[in-house]
Amino acid sequence: MAPAQELEVQQKREIEKKDEETIPARAFLPNTDISETEEALTVVMEMPGVDSDHVDITVEDDALLVSGRIDFSKYEKLQPIYTEYNIGHYRRSFSLTPGSFDEHKISAEVKDGVLRLTLPKAERMKPRRIPLK
Amino acid sequence: MALGFADPFDALFRFQRALDQQRDSDWLEDMTGGTGAFPPINIFQRGSDDYLAIIEMPGVSKEDLNLQVRGNSIRISGRKIVDYGGKASIHRRERVAGDFDRTISLPVELDPNRIEAEYRNGMLSLTLPRAESDKPKSIKVT
């Protein structure tokens, strides 16, 4: 394993709105890692402050949509005096190749503000090794 | 023209603006701590006597997190691990991982015996009560 590096703060990226929204609050893009094994695609999204009850995952044939909501009630009586980051809900979507995943087998887990989605590949999408003669 | 009655949706937007306004405010100016270090910290005041620090560190396990308080300094250290196993091929990599060790000094005296820490969903909340000796006392003039 590579030696542990010093962590840097990543500034949250705000979602640029293409449509008018009824709710004016700013939303953010969760930092996402996507990796693949022969069996499945793994999508990991950072959404600090979001628990499993407040994550919404929608899988359509050609898109994965994830939204995470944070609980603002705990901020109600608080007055900010020094801040380094902003807070808000999270939203992000990714395009999927139609037919590549078995929608019924998708699993999701949320731990420490991180959502981990496993999308098992449909049989026909599993890589086939080409034999070399 | 606008009546300006409280709109719950609007409240969130206004709060986000308030957070922006206090971005790197000079409340910590004279102290040694600097900005830019991980993890990022927001400090709030609750009432007139308590401070609340809320710190984001998604993906850090409670077991990998250490907290120390001394005087008016808070030290937060630990490790954030990101691991996808040996055989995965990476399509996209945006998360960062590594060790962290950050000390932040507050310009107020804290009561160390009443400090509370709660870690949930990747967010650490520290309740920092002000020391009695730090609170202003009114003096009666005779």
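Residues numbered from 1 in each chain as written. Chains lettered and ligands numbered in written order. Predicted model: local features only at pLDDT ≥ 70, side-chain atom pairs only at ≥ 80, totals over all residues.

Topic: the confidence of the model for chain B
Residue and element names in this part refer to chain B.
Consideration 1: Residues of chain B with pLDDT of at least 70 account for 88%, and the chain-wide mean is 85.
Consideration 2: Taken together, the stretch residues 1–5 has pLDDT below 50 and engages in zero contacts with residues farther than four places along the chain or on a different chain.
Consideration 3: Scored as a whole, the predicted complex attains pTM 0.84, and scored at its interfaces, ipTM 0.83. (pLDDT = per-residue confidence, 0-100. Contact = placed C-beta atoms within 7 Å.)

Some words on the nonpolar core
Consideration 1: Within the largest apolar cluster, 22 residues are counted, with the highest numbers of intra-cluster contacts made by Ile43(B), Tyr51(B), Leu52(B), Ala53(B), Ile55(B), Leu126(B) and Leu128(B).
Consideration 2: Only strand 1 (41–46), strand 2 (50–56), strand 4 (73–80) and strand 8 (123–129) of chain B provide two or more residues apiece to this core.
Consideration 3: With five residues, the single largest contributor to this core is strand 2 of chain B.
Consideration 4: Those residues in contact with Tyr51(B) that sit more than four places away from it in its chain are Ile43(B), Phe44(B), Gln45(B), Val108(B), Leu128(B) and Arg130(B).
Consideration 5: Val66(A), Ile70(A), Leu115(A) and Leu117(A) belong to the second-largest nonpolar core, a separate cluster that totals 20 residues. (Core = buried A, V, L, I, M, F, W, Y, C linked by C-beta atoms within 7 Å. Buried ≥ 20, exposed ≤ 12 C-beta atoms within 10 Å, placed from the backbone. Helix = DSSP H or I, 4+ residues; strand = E, 2+ residues; numbered from the N terminus.)

Structural notes on the interface of chain B and chain A
Consideration 1: In this complex, chain B contributes 50 residues to the contact, which on the side of chain A involves 43 residues.
Consideration 2: Secondary structure elements with two or more residues in the side of chain B that touches chain A: helix 1 (8–21), strand 1, strand 2, strand 4, strand 5 (89–92) and strand 6 (98–105) of chain B.
Consideration 3: Here the side of chain B that touches chain A takes nine residues from helix 1 of chain B, the largest share from any one element.
Consideration 4: In terms of residue class, the side of chain B that touches chain A is built from 22 nonpolar, 14 polar and 14 charged.
Consideration 5: Bridge count between strand 7 (residues 78–82) of chain A and strand 1 of chain B: four bridges; the pairing is antiparallel. Bridge pairing in strand 1 of chain B links Gln79(A) to Gln45(B). (Nonpolar A, V, L, I, M, F, W, Y, C, P; charged D, E, K, R; others polar. Pairing = 2+ DSSP bridges.)

With respect to the sheet that holds strand 7 (residues 116–120) of chain B
Consideration 1: Read across the sheet, five strands follow the order 7(A)-1(B)-2(B)-8(B)-7(B) without closing on themselves; strand pairing throughout is antiparallel. Of all strands in the sheet, those with a lone pairing partner are strand 7 of chain A together with strand 7 of chain B, marking the two edges. Strand-to-strand twist in this sheet, taken as the mean axis angle between neighbours without regard to direction, amounts to 25°.
Consideration 2: Sheet topology note: the strand 1 of chain B/strand 2 of chain B ladder contains six bridges and is antiparallel. (Axes fitted to C-alpha atoms, helices over the stretch in contact; angles between N-to-C directions.)

Topic: the environment of Ile81(B)
Residues and elements named next belong to chain B.
Consideration 1: Considering the arrangement of structural elements, one finds Ile-81 in the loop between strand 4 and strand 5.
Consideration 2: The partly exposed category is assigned to Ile-81, around which 14 C-beta atoms lie within 10 Å.
Consideration 3: For Ile-81 and Asp-64, which are 17 residues apart along the polypeptide, the C-alpha to C-alpha distance reads 9.0 Å.
Consideration 4: In contact with Ile-81, other than residues within four places in its own chain, are Asp-64 and Ala-97.

Some thoughts on the sheet that holds strand 3 (residues 65–70) of chain B
Residues and elements named next belong to chain B.
Consideration 1: Strand order in this open sheet of three strands is 3-4-6, and the pairing throughout is antiparallel. Strand pairing shows two members of the sheet lacking a second neighbour, strand 3 and strand 6, which therefore form its edges. Along the sheet, successive strands turn relative to each other by an average axial angle of 10°, direction set aside.
Consideration 2: Examined bridge by bridge, strand 4 and strand 6 share eight bridges and lie antiparallel to one another. Bridging from a neighbouring strand, Arg-75 pairs with Thr-103 of strand 6.

Things to note about the pairing of strand 4 (residues 40–46) of chain A
Residues and elements named next belong to chain A.
Consideration 1: Summarising burial for strand 4: six of the seven residues are buried, a large majority.
Consideration 2: For strand 4 and strand 10 (residues 114–120), the ladder comprises seven bridges, and the chain directions are antiparallel. Bridge pairing links Val-43 to Leu-117 in strand 10.

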